[in-house]
Amino acid sequence: MSFAITSIGLSHIGDAAGTPLAGDALVCESGVITWIGLSDDVDADAHDLVIDAHGAGVVPGLIDSHVHTTFGDYTPRQNTVGFLDSYVHGGVTRAISASEVHVPGRPSDPEGVKALAIAAQRAYQNFRPGGMTVHGGSVILEPGLTYEDFVYLREQGVWLAKGGFGAVTSPLDYVPLVADARRAGIVVNVHTGGGSIPGTLERMDAESMLQINPNVSFHANGGPTAMVAGDNERLVRESDMALQLVMAGNLRSSLELCQLAREYSQEHRLLIASDTPTGTGVVPLALWHLCAELVSLGGLPVHQAVASMTGHVADVYGLDAGRLEVGRPADLLILDAPLGSAGDTWAEALQVGDVPGICVAVTDGVVRYTKSRNTPAARRNVSVKGALAAPSSSGH
């Protein structure tokens, strides 16, 4: 399928600088962005579909780096079916597994956790809920796993690991596990702050995190309970790990980490994620709500906030998505200020604390909808010329 988007307003390609598109139009073919330029140069007859944005903006699709997937589009924690499809209507086009820790009766032995991770990774290769790409299969770090186990997992396509829920007796038991996993080429996320499930470690503080040295401090602002202020500063000043801020965490701590990141010019390390579905529930607009809070209350510039949900996430996890560039996957959103907002554009809406309205979501080069059922209605309406293909929830 080939389609073009014309008359684009305020755009953001997903980088740290908030660079706009080099023009006001783009073309997508066979699931990737193939051209960026001016609307006047678009040949409408050459495409199956032409979307006129009428001045609405375009940004990359959001990447939620902390979603508690299990199998399929189901969360046993909230006994809810269809939550991932609903997240697509919140602008999330990709989700990264926070480990399949909520699978009922999950195994804890090395062979069991390897099998669970491989099964989840395989399952989501063949299933796209609402058109979302789910990067499933995050091995839960348990005592007994070896470097050879991590090499095997990486060969099988598992490239994520999660520390914080294993049967360890001390936080420092994770040090060799994390080192081996990272050496094998696996991206390691580690639970930060107070424990969230009975039977796990009571607290993971800054000293522990600095010694464990994962790629990502998962919910650095607490999931749900946060570290003390001094620990927040240590993570920012004494490490280079990504600092994930989640909606289901502690807002005070989020704002403090945001301030510290700005003070030490470490904004590029911030990631905005949901940490759902957990006790907080299913929250399709989680990323946008935390984004609006960090921008309107925490002083985080809009371009940095958007990058923390797109390009920064892609950089940390080694994904080819997250940016609007030729050759990149066609995962993108057309969005605008919501009706009634004091802001005139999606960026101005965030600055006053409002969630933007999503007009269109595209994943894998397929238009999934032309009006979000979850965000507020957008101020500007897009128009579509051509027949929309019926999107499938299980494929491209």
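Shown above is the structure to which this text applies.
Residues numbered from 1 in each chain as written. Predicted model: local features only at pLDDT ≥ 70, side-chain atom pairs only at ≥ 80, totals over all residues. Heavy atoms only, no water.

### Section: the overall build of the protein
Across its full length, the protein holds 11 helices and 22 strands. Computed over C-alpha atoms, the radius of gyration of the protein comes to 20 Å, within 12% of the 21 Å expected from 2.2 N^0.38 for 396 residues, which places it in the range of a compact globule. Put simply, the protein shows about 13,900 Å² of open surface, and 49% of that area lies on carbon and sulfur atoms. Taking the average place of the 24 positive charges on the side chains of the protein and the average place of its 42 negative ones, the gap between the two points comes to 3 Å. (Helix = DSSP H or I, 4+ residues; strand = E, 2+ residues; numbered from the N terminus. Rg over C-alpha atoms; globule rule 2.2 N^0.38 Å. Areas by Shrake-Rupley, 256 points an atom, 1.4 Å probe, with all protein chains shown as cover. Lys, Arg positive; Asp, Glu negative; His and termini not counted. Charge placed at Lys NZ, Arg CZ, Asp CG, Glu CD.)

### Let's talk about the packing of helix 7 (residues 251-263) against helix 8 (residues 286-296)
Packing of helix 7 against helix 8 brings their axes to within 10 Å, and their N-to-C directions diverge by 55°. In terms of orientation, helix 7 and helix 8 fall into the oblique class. Seen along the crossing, helix 7 lies across helix 8 with a hand that is right-handed. In contact with L251, S254, L255 and C258 of helix 7, helix 8 contributes L290, E293 and L294. For the contact of helix 7 with helix 8, the class distribution of residues is 5 nonpolar, 1 polar and 1 charged. (Axes fitted to C-alpha atoms, helices over the stretch in contact; angles between N-to-C directions. Parallel < 35°, antiparallel > 145°, perpendicular 65-115°, else oblique. Left-handed = near helix turned anticlockwise from the far one by under 90°. Contact = heavy atoms within 4.5 Å. Nonpolar A, V, L, I, M, F, W, Y, C, P; charged D, E, K, R; others polar.)

### Some thoughts on the sheet that holds strand 12 (residues 160-163)
Here we have 6 strands laid out as an open sheet, ordered 11-12-13-16-17-18, and parallel in their pairing. Whereas interior strands pair on both sides, the edge strands pair on one side only; in this sheet they are strand 11 (138-140) and strand 18 (270-273). On average, each strand axis in the sheet is tilted by 30° relative to the strand beside it, whichever way the strands run. Bridge count for strand 12 against strand 13 (residues 187-191) is 4 bridges, and the pairing is parallel. Within strand 13, the position partnered with L160 by the bridge is V187. (Pairing = 2+ DSSP bridges.)

### Some points on the nonpolar core
Residues L141, F150 and W288 are the most contacted members of the largest nonpolar core, which totals 76 residues. Examining the composition of this core, we find that 8 residues originate from one element, helix 8, more than from any other. Leaving out residues up to four positions away in the same chain, L141 has contacts with F150, A161, K162, G163, G166, Y174, L177, V178 and V188. (Core = buried A, V, L, I, M, F, W, Y, C linked by side-chain atoms within 4.5 Å. Buried < 20%, exposed > 50% of the residue type's maximum accessible area, 1.4 Å probe, protein only.)

Scope: geometric values only; no functional claims are made or implied.
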